[in-house]
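What follows is the residue order along each chain.
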Amino acid sequence: LDLSRYDVIILPETSGSLPNNAREALQEWVRDGGILVAVGAGAESVTSIAEIEIREAGEDQDEADSLDRLLATREEREREEWEQEIPGAIFEVRLDPGHPLAWSATADGVPERTFVLHTGGRVFEPREGSETVAHFPANLRPTSGDVSKGNLVRMERSAWLITRDVGAGRVILFADDPLFRLFWHNTKQLYLNAILYGHL
């Protein structure tokens, strides 16, 4: 496939990682001036192209912790799984109102914020050379939903929508699918802006 025919490529939710040859082809295309928009698990599969990291839940567990987990009761295992996962919650995120990707994306007329439907707990680590368009603030609390304290602490001051220039092109990463089931309207404008204004 001749990727040079395209200005923007959208990588949707994926069920697994991309093959190395596909990732390498996308990286070369971005370096030549392409705009790659990736969402959810699709974004996770191409973070290496933009050298953006996923913020992890915590440090690796030692052998004793692993044994404790294996010997835990069903109730204890279910509780631990709940503490690590976010099945779906609504959060307020802070927008950069001067960024083209945030144009007209406010939920209630306040240009510095909107609300996102967040699942799974995937968030990005802000880094030098990137632009964070939407991030979770400090002292984070869900607007709706039940989320463990550990997840809230991990998500604080992390990026939900982040961009980074790569060569002559750009990678735009959404932590969640902004078009999830086409019912969450707040993030549709962010997605549309990524397609139309991702080069600005």
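Here, the structure is the one placed above.
Residues numbered from 1 in each chain as written. Predicted model: local features only at pLDDT ≥ 70, side-chain atom pairs only at ≥ 80, totals over all residues. Heavy atoms only, no water.

Trainee: Where do I start with the overall build of the protein chain in this structure?
Mentor: From N to C terminus, the protein chain includes seven helices and nine strands. For 200 residues, the compact-globule estimate of 2.2 N^0.38 gives 16 Å, and the protein chain sits close to it at 18 Å. With respect to the three principal axes, the spread of C-alpha positions in the protein chain is 55 × 45 × 30 Å. Look at the contacts in the protein chain between residues 6 or more apart in sequence, and 73% of them connect residues 24 or more apart. By element, 47% of the accessible surface of the protein chain is carried by carbon and sulfur atoms, the whole surface being about 11200 Å². Positive and negative charge centroids in the protein chain, built from 20 and 35 side chains respectively, lie 4 Å apart. (Helix = DSSP H or I, 4+ residues; strand = E, 2+ residues; numbered from the N terminus. Rg over C-alpha atoms; globule rule 2.2 N^0.38 Å. Contact = heavy atoms within 4.5 Å. Areas by Shrake-Rupley, 256 points an atom, 1.4 Å probe, with all protein chains shown as cover. Lys, Arg positive; Asp, Glu negative; His and termini not counted. Charge placed at Lys NZ, Arg CZ, Asp CG, Glu CD.)

Trainee: Just checking my understanding: could you explain the pattern of salt bridges for this structure?
Mentor: Any two side chains of opposite charge can pair if their charged atoms end up close together. Throughout the structure, instances matching the rule amount to eight salt bridges. The partner of Arg122 in a salt bridge is Glu44, with the nearest N and O atoms 2.7 Å apart. With Arg122 in the loop between strand 5 (113-118) and strand 6 (124-125) and Glu44 in helix 2 (residues 41-44), this pair connects stretches of sequence that are 78 residues apart. A relative accessible area of 18% means that Arg122 is categorised as buried. By relative accessible area, Glu44 is classed as partly exposed at 40%. Measuring nitrogen to oxygen at the nearest pair gives 2.3 Å for the salt bridge that ties Asp108 to Arg113. With a relative accessible area of 38%, Asp108 lands in the partly exposed category. Residues joined in a network through salt bridges with shared partners are Glu92, Arg94, Asp108 and Arg113. (Salt bridge = Lys/Arg side-chain N within 4 Å of Asp/Glu carboxyl O. Buried < 20%, exposed > 50% of the residue type's maximum accessible area, 1.4 Å probe, protein only.)

Trainee: Even after reading the chapter, I still don't get the packing of aromatic side chains, so can you show me in this structure?
Mentor: When we look at a pair of aromatic rings, we describe it by the centre distance and by the angle of the planes. For the structure shown, the criterion picks out six aromatic pairs. Plain terms: the ring middles of Phe183 and Trp184 are 6.2 Å apart, the flat faces sit at 75 degrees to each other, and that makes the pair edge-to-face. Counting every residue linked through ring pairs, the aromatic cluster contains Trp160, Phe174 and Tyr191. (Phe/Tyr/Trp six-rings, centres within 6.5 Å; stacked < 30°, edge-to-face > 60°.)

Trainee: How should I be thinking about the pairing of strand 8 (residues 159-166) in this particular structure?
Mentor: Regular strands place side chains that alternate from one sheet face to the opposite one. Strand 8 sits mainly inside the fold: seven of its eight residues count as buried. In terms of strand pairing, strand 7 (residues 130-135) meets strand 8 through five bridges, oriented antiparallel. Its bridge partner being in strand 8, Ser130 is matched across the sheet by Arg164. As paired elements, strand 8 and strand 9 (residues 169-174) share six bridges and run antiparallel to each other. (Pairing = 2+ DSSP bridges.)

Trainee: Would you explain the environment of Ala159 in this entry?
Mentor: Tracing the backbone through its elements, the reader meets Ala159 in strand 8. Between the C-alpha atom of Ala159 and that of Pro111, which follows or precedes it by 48 residues, the distance is 17 Å. Discounting chain neighbours no more than four positions away, the residues touching Ala159 are Val123, Phe124, Pro126, Thr132, Ala134 and His135.

Trainee: Please explain the environment of Ala41 as it appears in this structure.
Mentor: Relative to the helices and strands, Ala41 is located in helix 2. Along the backbone, Ala41 and Glu13 are 28 residues apart, and their C-alpha atoms lie at a distance of 5.1 Å. Residues contacting Ala41, with those up to four places away along its chain left out, are Glu13, Thr14 and Arg122.

Trainee: Would you mind going over empty space enclosed by the protein with me for this structure?
Mentor: If a probe the size of a water molecule is rolled over the atoms, the empty space left behind becomes visible. Under the definition given, this model contains one cavity of 30 Å³ or more. Lining the largest cavity are Val116, Leu117, Trp160, Asp176, Asp177, Pro178, Phe180, Trp184 and Thr187. The class makeup of the residues in the lining of the largest cavity is six nonpolar, one polar and two charged. (1 Å grid on protein atoms, 1.4 Å probe; cavity = no way out; pocket = protein on both sides within 12 Å on 5 of 7 lines; lining within 4 Å. Points joined across faces, edges and corners; volume = space filled by probe spheres on them. Nonpolar A, V, L, I, M, F, W, Y, C, P; charged D, E, K, R; others polar.)

Trainee: Would you explain helix 1 (residues 20-31) in this entry?
Mentor: Since the α-helix turns once every 3.6 residues, residues separated by three or four places project in the same direction. The end-to-end C-alpha distance of helix 1 is 16 Å, a good match for the 16 Å that 12 residues give at a rise of 1.5 Å each. Here helix 1 has its buried residues at Arg23, Leu26, Trp29 and Val30. Viewed end-on, helix 1 has its buried residues packed into an arc of 125 degrees, placing them on one side of the element. Facing away from the buried side of helix 1, by more than 90 degrees, are the exposed residues Asn20, Asn21, Glu24 and Glu28. Residues of helix 1 that are buried sit in contact with strand 1 (8-11), strand 2 (35-39), helix 3 (47-50), strand 8 and strand 9. (Expected span 1.5 Å × (residues − 1). Arc of directions from axis to C-beta.)

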